[in-house]
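Commentary on secondary and tertiary structure
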Amino acid sequence: MPKGSDLLVRALENEGVERIFGVPGEENLDVVESVRQSSIKLVITRHEQAAAFMAATHGRLTGKPGVCIATLGPGALNFTTGAAYAHLGGMPMIMITGQKGVMSSRQARFQIVDVVSAFRPLTKMSRQIVGTSTIPTVVRDAFRVAMEERPGPVLLELPEDVAGEEAEDRPSVERHPIEIPVAHRAALDRAAEMILEAKRPLIMLGAACSRPRGTTGINAFVRRTGIPFFTTQMGKGTAAGGSQQYMGTAALSERDYVHEAVDQADLIIAVGHDTIEKPPFIMGPNGPKVIHVSYTPANVDQVYFPHAEVVGDLGPSLELLADRIEGKLHTAGALLSIRESILSRIADRATEERWPPTPQRIVHDVRQVMPADGIVALDNGMYKIWFARNYRTYVANTVLLDNALATMGAGLPSAMMAAMLYPERRVMAVCGDGGFMMNSQELETAVRLKLNLVVLILDDGAYGMIRWKQAVDSFPDFGLTFGNPDFVRYAESYGAKGTRVTSTEGLIPALENAFKAGGVHLVAVPIDYSENTRVLVDELRAKMNSRPEEVELA
Ligand SMILES: Cc1ncc(C[n+]2csc(CCOP(=O)(O)OP(=O)(O)O)c2C)c(N)n1
Ligand SMILES: [Mg+2]
């Protein structure tokens, strides 16, 4: 007779799960044994947080939930940041946590935390499995809830006595495809009319455009309409960044060069925008009209209150919208005249030779060693602004950044997941010295899994972004610096390779050699952050006559 844990693992196999990430505790041991006897691989991590980041990134990249496992109490609570990351980022994920027996227990309240309640605000669904007979349906439901728009995390708590209990043999619930409905004809007509009336239309591609299902329809819409576009940080690459219609990426909320296009537009078609992102532009009473096109209706916020909505499956809905306007748009390219001046000022000084290298130079050099389909996974720090703003993307999901929870610590685990899924592509984690050390223990996991991965560490001996904001706000320089380990020896102690870059022209060869050598390779480079103030404060202030304290980044 099967046990509860066998039914659970069988249901996971039925969902196509290939790996489970995590750190088991004694309450998970029946599940671990069932996994051992299954086709699923157990990937042990060195911290539950990293397992949750990996599972979430699996969901982000494939559209299918990644699965992670932890014990009760302390293990489960280590999932909280990963849950929030998936919840805000719209990434499907299933967390499985253990619990003491519910039918009888000889442990009093030892290690017991109300995990199901703790995760309610961090998930789409959080529930305990109370008996073996419901396992097949609960698991199927959990996967559906996690995958449905808007995707996100689900927590299932499996008490150890339910896991170990002999169960009636029940088949898993069969999966069937569900197509997302397409936008209503009336909504499409209304939007088409607004677009045809616009004199200076602009498209914005947001986070939901990065869903693996949708990118072809988005590309075609941009091409067929001829309207210039910009992207949010999480929408990068969703229509070929090299196309002649790309106007830039909104890394700041206002006053950047890309906002010259936003300020002149009379209509913005906001495709797949999700207000969990730091606002890519600020709507005001006198600004452009906005049409929201996405899988789900818009949220109304102080800075985002669209005038019309087209809700439905993105690709097919955009195709129907393009059918209505293609060839009739006589002013589609009105804003293209300012494209060159925006892009050239953003690319300014990208090849400067000063030592240590500037953020612009590092972004430029990383782009040189990454093929079009290479994946850069960013942690959170000052450099994220520079990569979002300056790194050109040609393929969706080739810059994995978190402009939603914006947590430190996800750079390395998310890069590891990308390397597992796409072993044939170059994958690089780009981390600050602060964020890297938050999950650096996973270097051991990466080495054990024999991943090919380059980890670029930007060494400024500080929580640089906060230190910079402190200076911009005229506070004294205080409390934000630290010492670092010797990154080369640190890497070597894990069985990885390490290189320290000692000249600006040495960065590209170091990265090339690291990729060519294969395995896990850490490359540390110092960074000159004086450009933060020169460009993001002084230059933009001079341009817009704005006050530095209005620049909101962190
Ligand atoms: C988990 C977490 N803690 C704190 C913050 C606030 N924060 C944002 S950026 C930053 C500094 C990042 O330092 P580092 O990783 O070294 O990158 P740098 O800005 O120095 O390049 C901090 C503390 C955060 N976003 N996430
Ligand atoms: Mg730093």
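Notes on the structure in this doc start here. (Residues numbered from 1 in each chain as written. Chains lettered and ligands numbered in written order. Predicted model: local features only at pLDDT ≥ 70, side-chain atom pairs only at ≥ 80, totals over all residues. Heavy atoms only, no water.)

Another aspect to go through is the nonpolar core. One finds Val366, Met428 and Leu456 to be the most contacted residues of the largest nonpolar core, which totals 64 residues. Element by element, the count of residues in this core is highest for helix 15 (residues 382-390), at six residues. If we skip the residues at most four places from it in the chain, valine 366 touches Val376, Phe387, Tyr391, Met428, Leu456 and Leu511. Within the second largest apolar cluster, 53 residues are counted, among which are Val115, Ile375, Leu400 and Tyr490. (Core = buried A, V, L, I, M, F, W, Y, C linked by side-chain atoms within 4.5 Å. Buried < 20%, exposed > 50% of the residue type's maximum accessible area, 1.4 Å probe, protein only. Helix = DSSP H or I, 4+ residues; strand = E, 2+ residues; numbered from the N terminus. Contact = heavy atoms within 4.5 Å.)

With that out of the way, let us pick up empty space enclosed by the protein. Throughout the structure, instances matching the rule amount to two cavities of 30 Å³ or more. In this model, the largest cavity occupies a volume close to 50 Å³. Lining the largest cavity are Tyr257, Arg345, Ile346, Asp348, Gln360, Trp386, Arg389, Arg534, Val535 and Glu539. Counting residues per element, the ones that place at least two in the lining of the largest cavity are helix 13 (339-346), helix 15 and helix 22 (530-544). Among the elements that make up the lining of the largest cavity, the one with the highest residue count is helix 22 (three residues). (1 Å grid on protein atoms, 1.4 Å probe; cavity = no way out; pocket = protein on both sides within 12 Å on 5 of 7 lines; lining within 4 Å. Points joined across faces, edges and corners; volume = space filled by probe spheres on them.)

Within a beta sheet, neighbouring strands are joined by backbone hydrogen bonds and run either parallel or antiparallel to one another. The parallel open sheet is built from six strands, whose spatial order is 14-13-15-16-18-17. Sheet topology places strand 14 (399-400) and strand 17 (497-500) at the edges, where each strand pairs with a single neighbour. Of the pairings in the sheet, the one linking strand 13 (residues 375-378) to strand 14 comprises two bridges and is parallel in character. Paired with alanine 377 across the bridge in strand 14 is leucine 400. The strands that helix 14 (residues 359-369) touches are strand 13, strand 15 (427-432), strand 16 (453-459) and strand 18 (520-526); relative to strand 16, the one it contacts most, it runs at about 170°. Running at roughly 170° to strand 18, helix 21 (residues 507-517) makes contact with strand 15, strand 16, strand 17 and strand 18 of the sheet. (Pairing = 2+ DSSP bridges. Axes fitted to C-alpha atoms, helices over the stretch in contact; angles between N-to-C directions.)

Bringing the packing of helix 3 (residues 48-62) against helix 16 (residues 411-421) into the picture now. Look at helix 3 against helix 16: their axes get within 8 Å of each other, and the N-to-C directions meet at 50°. Judged on the interaxial angle alone, helix 16 and helix 3 are oblique. Handedness of the crossing formed by helix 3 with helix 16: right-handed. Touching Ala50, Phe53, Met54, Thr57, His58, Leu61 and Thr62 of helix 3 are Pro413, Ser414, Met416, Met417, Ala418, Met420 and Leu421, all from helix 16. Taken together, the residues that form the contact of helix 3 with helix 16 break down as ten nonpolar, four polar and no charged. (Parallel < 35°, antiparallel > 145°, perpendicular 65-115°, else oblique. Left-handed = near helix turned anticlockwise from the far one by under 90°. Nonpolar A, V, L, I, M, F, W, Y, C, P; charged D, E, K, R; others polar.)

The analysis is restricted to geometry; functional conclusions fall outside its scope.
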